Amino acid sequence: MDNTFRRIARSICIFGGIASALIFGPTAASAADASLIKRGEYLARAGDCVACHTAPEGQVFAGGRAMPTPFGTLYTSNITPDAGTGIGKWSADDFYRTMHEGRFPDGGLLYPAMPFGSYTKVTREDSDAIYAYLRTIEPVARRDTPHDLQFPYNNRSLILGWRTLFFKEGTFKTDSSKSDEWNRGAYLVEGLGHCGMCHTPINALGGNSQSQAFQGGLIPMQYWYAPSLTSNKEAGLGDWSIKDITDLLQKGISNRGAVYGPMADVVYNSLQYLTDEDTQAMAVYLKCIAQDSPDLPVSQIPHAESSLLISLGKSVYDNHCSSCHGANGEGRPPDYPLLAGNQSIQMGSAVNAIRMVLNGGYPPGTFGNPMPHGMPPFSVTLSDDEVAAVVSYIRTAWGNTGTPISAAEANQLRSVPLQ
């Protein structure tokens, strides 16, 4: 009886072990898959993939968004897992090659509107996670819209020359002399965040130089100025507190200023979703790369004309601006930005300040600032002379070191696309 009982008991244990493997094995695997997919969703947010690969009022990640360039219009691709028109037949290797090398699975070359110059720094593990996430979204059968490029830019073979000049393939390398937090911030800013796409000057060939990384420049076709992240005279954050930087990245507003235009889209679609740890890492890195610049802008407007503009500008400011921004530009941060000492007001380029006066705008609605305060447009209310006058005034009043602008500069920005 004892031997019979032991045999039965052993059989039950063996069967129970098999049953446990059948029940718990797939569950553990599913949990691992779910974790990978969740991580991939987070990384896709960090890379702001939805901003380009979703057309206005279009289906998520189905592409078709028009990307105007000086060379014609590009249209973003469908990256849903549809087998016929998306990336449903791509392998993880195919996806990594696209991210890392800027090539389609068949070896074809991507136009550099896709920021593979930054995404090449993304690790294979992060690429695989993003790929796993994209495999789970709803497939959309939508064929890519053909690009509408001028001759000779419609010849993809020319991209080989562009790549020779401006593309350097390679995964992000950590700096052993810096902290883990600094390196994480650098990885997000230089890689997934592709901040250099806007904040590095773009030349006539649509490329940029590593030696000028993050030094700022006008965004082609959008007519917003992406300020320098390396100069404390522009958007350099060297003298900002970490809290002010993280507030700006996550909320879109801080005690030092607010984001508008394309940067508002970045905060809305991407940065507000990052963890506190990743946001702080970015802040630490951005604060470290900023430095003081001794160069001050020089006015090109005759002194007599600039004096008249500034005198008129004070009157315009007192009538239209002081109720929110204060008689002395002190504002009511964070809802109404201060103007006295505001770096974005004093930059060499006055494009952003002019556009805000003409078009107004809102910071993004975020988790940390769900009901942002906006600025009304004055394009109808104010003449070119008055716009130039008030912008000249706020750039030079209260100790600000900007320079006056002309009515012609204000007029040039009246017809640019709103964004």
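Residues numbered from 1 in each chain as written. Predicted model: local features only at pLDDT ≥ 70, side-chain atom pairs only at ≥ 80, totals over all residues. Heavy atoms only, no water.

1. What to know about unusual backbone geometry
- Between F151 and P152 the backbone carries a cis peptide bond, its omega angle lying at 5°.
- Among the secondary structure elements, P152 is positioned in the loop between strand 3 (148-149) and helix 6 (158-166).
- Even without being glycine, F61 reaches a positive phi, approximately 65°.
- If you trace the backbone, F61 turns up in the loop between helix 2 (49-53) and strand 1 (66-69).
- Accessibility expressed as a relative area gives 5% for F61, which makes it buried.
- One non-glycine residue, F214, lies in positive phi territory at about 65°.
- When you line up the elements, F214 lands in the loop between helix 8 (196-199) and strand 4 (217-218). (Helix = DSSP H or I, 4+ residues; strand = E, 2+ residues; numbered from the N terminus. Buried < 20%, exposed > 50% of the residue type's maximum accessible area, 1.4 Å probe, protein only.)

2. Concerning the sheet that holds strand 3
- Pairing within the open sheet is antiparallel, and its 3 strands lie in the order 1-2-3. The open sheet has two free edges, formed respectively by strand 1 and strand 3, since each of these has just one partner strand.
- In this sheet, strand 3 lies alongside strand 2 (residues 72-75) in antiparallel orientation, the contact comprising 2 bridges. Looking at the pairing, G72 lines up with L149 of strand 3. (Pairing = 2+ DSSP bridges.)

3. Description of the pattern of salt bridges
- Under the defined criterion, the tally for this structure stands at 11 salt bridges.
- A salt bridge links D128 to R124; its shortest N-O distance comes to 2.8 Å. With D128 and R124 both in helix 5 (residues 124-134) and 4 residues apart, the pair spans about one turn of that helix.
- Across the salt bridge formed by K243 and D247, the nearest N and O atoms sit 2.7 Å from each other. Of this pair, K243 and D247 both sit in helix 9 (residues 242-251), separated by 4 residues, roughly a single helical turn.
- Residues joined in a network through salt bridges with shared partners are D93, R124 and D128. (Salt bridge = Lys/Arg side-chain N within 4 Å of Asp/Glu carboxyl O.)

4. Things to note about the nonpolar core
- Counting 53 residues, the largest nonpolar core has F61, F95, I130, L134 and F214 as the members making the most contacts within it.
- If we skip the residues at most four places from it in the chain, I130 touches G40, L43, A44, F95, M99 and L192. (Core = buried A, V, L, I, M, F, W, Y, C linked by side-chain atoms within 4.5 Å. Contact = heavy atoms within 4.5 Å.)

5. Some remarks on the environment of E190
- Positionally, E190 belongs in helix 7 (residues 180-192).
- Distance from E190 to F172, taken between C-alpha atoms, is 8.4 Å for residues 18 residues apart in sequence.
- Those residues in contact with E190 that lie beyond four places of it in its chain are S118, K121, F172, F214 and Y285.
- A polar atom in the side chain of E190 sits 3.0 Å from the side chain of K121. (Polar contact = N/O pair within 3.5 Å; in protein donor to acceptor, adjacent residues only side chain to side chain.)

6. Comments concerning the packing of aromatic side chains
- Applying the stated criterion to the full structure yields 12 aromatic pairs.
- Residues F116 and F167 carry aromatic rings whose centres are separated by 5.0 Å and whose planes lie at 85° to one another, so their mutual orientation is edge-to-face. Of this pair, F116 sits in helix 4 (residues 116-119) while F167 sits in the loop between helix 6 and helix 7; the two residues are 51 residues apart in sequence, bridging distant segments of the chain.
- Assessed through its relative accessible area of 0%, F116 is described here as buried.
- Here the aromatic residues F116, W162, F166 and F167 are joined through ring pairs into a cluster of three or more.
- Residue placement shows R45 over the ring face of Y273; its charged tip is 3.7 Å from the ring centre.
- Sitting above the plane of the W182 ring, K178 keeps its charged end 5.4 Å from the centroid. (Phe/Tyr/Trp six-rings, centres within 6.5 Å; stacked < 30°, edge-to-face > 60°. Lys NZ or Arg CZ within 6 Å of the ring centre and 35° of its normal.)

7. Some details on the environment of V266
- The topology assignment puts V266 in helix 10 (residues 261-269).
- We classify V266 as partly exposed; its relative accessible area is 27%.
- Considered as a pair, V266 and A46 are 220 residues apart in the sequence and their alpha carbons are 9.5 Å apart.
- For V266, the residues in contact, after removing those within four places along its chain, are D48 and L271.

8. What about the confidence of the model for the chain?
- On average, residues of the chain carry a pLDDT of 89, and 89% of them reach 70 or more.
- Under a pLDDT of 50 for its full length, residues 1-26 has, in the predicted model, 2 contacts with residues more than four places off or in other chains. (pLDDT = per-residue confidence, 0-100.)

9. Brief notes about the side chain of Q272
- For Q272, the position within the fold is in the loop between helix 10 and helix 11 (276-289).
- Among residues more than four places away in sequence, those in contact with Q272 are L249, Q250, V267, G365, T366 and F367.

10. What to know about the pairing of strand 2
- Where strand 1 lies against strand 2, 4 bridges are found, and the strand directions are antiparallel. Paired with M67 across the strands is L74, a residue of strand 2.

11. Section: a nonpolar patch on the surface
- A surface patch of nonpolar side chains, amounting to about 250 Å² of accessible area, comprises L218, M221 and Y223.
- Within the secondary structure layout, Y223 lies in the loop between strand 4 and strand 5 (225-226). (Patch = residues over 30% accessible without salt bridge, like charges linked within 9 Å, V, L, I, M, F, W, Y side chains within 5 Å. Areas by Shrake-Rupley, 256 points an atom, 1.4 Å probe, with all protein chains shown as cover.)

12. Re helix 5
- Burial analysis of helix 5 places 8 of its 11 residues in the buried class, which makes it a mostly covered element.
- When helix 5 is considered as a whole, its buried residues turn out to be D126, S127, A129, I130, Y131, A132, Y133 and L134.

13. Some thoughts on the side chain of S270
- By secondary structure assignment, the location of S270 is in the loop between helix 10 and helix 11.
- Take S270: its relative accessible area is 1%, and that puts it in the buried class.
- Residues within four places of S270 in sequence aside, it is in contact with R45, A46, D48 and D265.

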